[in-house]
Amino acid sequence: GVTDTAGNPFPEEFSWSFTTEAAPDVTPPVVISKSPSENAPGVPVSSSVSVTFSEPIDTSTIAGSIIVSNPDGPVPGVFFFTDDNATVIFDPTANFAYSTSHSVLVTPGVQDTVGNNMIEDVFWNFTTTTAPVRDGRALKAYR
C-alpha cells in the first residue's frame, strides 16, 4: 500500500529492524551477607569484617560509608575488595579488643557502579572472645 509521490507502488516489500538500548539500572545495592554474623559471640580478635552486596559497588564510596566501631569509637583499618567489587573486607590495623562489643554500620553512602545508593542503613553487632587464660588462672595485675 505504500506509493511514491507520483502514485507508483513500491515493487517489493521492504522491512528493517532495530534494537533499543537496555533500560537504565535503577536497582540499589543491598547487603546479602555479613561476617561476623549478627550478634555473633566469641569472635576471634584477629578477625576481619566482610560485607557482600547484591551487585558490584563503587569502591570510592566505601570510606566513611562502612564504619566498624567499639565503645571507644571507630576502629582504624583498611578496606579490600573481592568478587568483582561486590564484597568489601575491612581489615583492622590492630586486633580487635578482647571481650568487647563491636558494631558495624553500612550507610546509604554506598553506591553501585552506576550511582544507585543503598536505601537504608544496615547495622549489626558482634562480641569478641575473652582474653586467654594461662595455667588455668586468669592473669592478674600486680602493683
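Each residue is numbered by its place in its chain's sequence as written, counting from 1. pLDDT decides what is reported in this predicted model: residues at 70 or higher carry local features, side-chain atom pairs at 80 or more are listed and counted, and totals for whole chains, interfaces and linings draw on all residues regardless. Heavy atoms from the whole structure form the basis of all side-chain values; hydrogens and water molecules are not counted.

(A) Focus on the pairing of strand β3 (residues 49-53). Of all the five residues making up β3, four are buried; the element is thus mostly covered by neighbouring parts of the structure. At least two bridges found by DSSP between two strands is the condition for calling them paired. To qualify as a helix, a DSSP run of H or I must reach at least 4 residues; to qualify as a strand, a run of E must reach at least 2; elements of each kind are numbered from the N terminus. Direction of pairing for strand β1 (residues 31-35) relative to β3: antiparallel, over a ladder of four bridges. The residue of β3 that forms the bridge with Val31 is Phe53. Direction of pairing for β3 relative to strand β7 (residues 87-92): antiparallel, over a ladder of four bridges. Opposite Ser50, over in β7, you have Ile89 as the bridge partner. Note on classification: 1.4 Å probe, protein chains only; a residue is buried when its accessible area is under 20% of the maximum for its type, exposed when over 50%, partly exposed between these limits.

(B) Layout of the sheet that holds strand β5 (residues 73-74). Strand order across the open sheet formed by five strands is β2-β9-β8-β4-β5, with mixed pairing between neighbours. Every interior strand has two partners, whereas the edge strands, β2 (40-43) and β5, have only one. Pairing of β2 with strand β9 (residues 122-128) involves two bridges; the strand directions are parallel. Paired with Ala40 across the bridge in β9 is Phe126.

(C) Representation of the environment of Ser50 within the structure. Position of Ser50 relative to the elements: it lies in strand β3. The sequence separation of Ser50 and Phe10 amounts to 40 residues, and the corresponding C-alpha distance is 66 Å. In what follows, a contact means two residues having at least one pair of non-hydrogen atoms within 4.5 Å. Dropping the residues within four chain positions of it, Ser50 is found in contact with Ser33, Lys34, Ser35, Thr87, Val88, Ile89 and Trp124.

(D) Structural context of a nonpolar patch on the surface. Judged by side-chain polarity, Phe14, Trp16 and Phe18 come together as a nonpolar surface patch covering roughly 510 Å² of accessible area. Along the chain, Trp16 falls in the segment before β1. Only residues whose relative accessible area exceeds 30% and that take part in no salt bridge are eligible for patches, with like-charged residues grouped when within 9 Å of each other and nonpolar side chains (Val, Leu, Ile, Met, Phe, Trp, Tyr) grouped when within 5 Å. Computed with a 1.4 Å probe, the accessible areas rest on the Shrake-Rupley method; for each residue, only the protein chains presented here act as cover. Just to be clear on terms, a salt bridge is a Lys or Arg side-chain nitrogen sitting within 4 Å of an Asp or Glu carboxyl oxygen.

(E) The packing of aromatic side chains, seen in detail. Only Phe, Tyr and Trp rings take part, Trp by its six-membered ring, and two of them pair if their centres are within 6.5 Å. Stacked means planes under 30 degrees apart, edge-to-face means over 60, and tilted covers everything else. Tallying each qualifying case throughout the model produces two aromatic pairs. Plain terms: the ring middles of Phe79 and Phe90 are 5.4 Å apart, the flat faces sit at 55° to each other, and that makes the pair tilted. Residue Phe79 is located in strand β6 (residues 77-82), and its partner Phe90 is located in strand β7; the two are separated by eleven residues in the primary sequence. For Phe90, a relative accessible area of 4% gives the class buried.

(F) Representation of unusual backbone geometry in the model. Here the residue pair Ser35 and Pro36 is connected by a cis peptide bond, since its omega of 0° sits within 30 degrees of zero. Looking at the element boundaries, Pro36 is found in the loop between β1 and β2. Of note in this structure, Asn39 is not a glycine but carries a positive phi near 60°. Along the chain, the position of Asn39 falls in the loop between β1 and β2. With a phi close to 50°, Ser99 is a non-glycine residue in the positive phi region. Mapped onto the secondary structure, Ser99 falls in the loop between β7 and β8 (101-106). On the basis of relative accessible area, Ser99 is assigned to the partly exposed category, the value being 45%.

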